[in-house]
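One-letter residues, chain by chain:
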Amino acid sequence: MFSIIILVQLGSSIVVICSSGMVLLSLKPLSIEAISLYFYLITMFTELGMYCWFGNFVYVESLEVINSCYLSHWEERGPAVRKTLFMLMERAKRPLEIKAVRFFTLSFDTFIVILKWSYSYFALLRNWMAD
């Protein structure tokens, strides 16, 4: 359920960042409207960055599960604990990822891609408006 919301959030972030940049071009740099738009853009970047940062954090931490299990002195435990640790290590071979409708994995790379798409859309609109 949340993956659809996250995908909509990522897609709308591209449009909002681009259109906010277009509006900023028409405003005086230190006007009240421009300053409030700067804060809005910072908030959008922060919100988008938090999704991607926590997605990346979950991925990186899930990669450490195998090492943590192996270094947990499993050889000193009983057979039931060894079996449980073995099953956990097998499951941890595929790291956890937070995805947006199985289309985007939230990570730092996704954050950079969204910023690139926003800038591309911005540059396209700017060139179109200049003609």
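One can find the structure itself at the top, above this paragraph.
Conventions used here
Residues numbered from 1 in each chain as written. Predicted model: local features only at pLDDT ≥ 70, side-chain atom pairs only at ≥ 80, totals over all residues. Heavy atoms only, no water. Disulfide = S-S within 2.5 Å. Salt bridge = Lys/Arg side-chain N within 4 Å of Asp/Glu carboxyl O. Buried < 20%, exposed > 50% of the residue type's maximum accessible area, 1.4 Å probe, protein only.

### Describing the state of the cysteines
Reasoning step 1: In this structure the tally under the stated criterion is zero disulfides.
Reasoning step 2: Free cysteine: Cys52, not disulfide-bonded; nearest cysteine sulfur from Cys18 at 18 Å.

### Some remarks on the pattern of salt bridges
Reasoning step 1: Within this structure, the stated rule accounts for two salt bridges.
Reasoning step 2: Put simply, Glu90 and Lys93 hold a salt bridge, and the shortest N to O gap is 3.0 Å.
Reasoning step 3: Accessibility expressed as a relative area gives 55% for Lys93, which makes it exposed.
Reasoning step 4: The partner of Glu97 in a salt bridge is Lys99, and the shortest N-O contact between them spans 3.5 Å.
Reasoning step 5: The exposure class assigned to Glu97 is partly exposed, which follows from its relative accessible area of 38%.
Reasoning step 6: Its relative accessible area of 35% is what places Lys99 among the partly exposed residues.

Keep in mind these values describe shape, not function.
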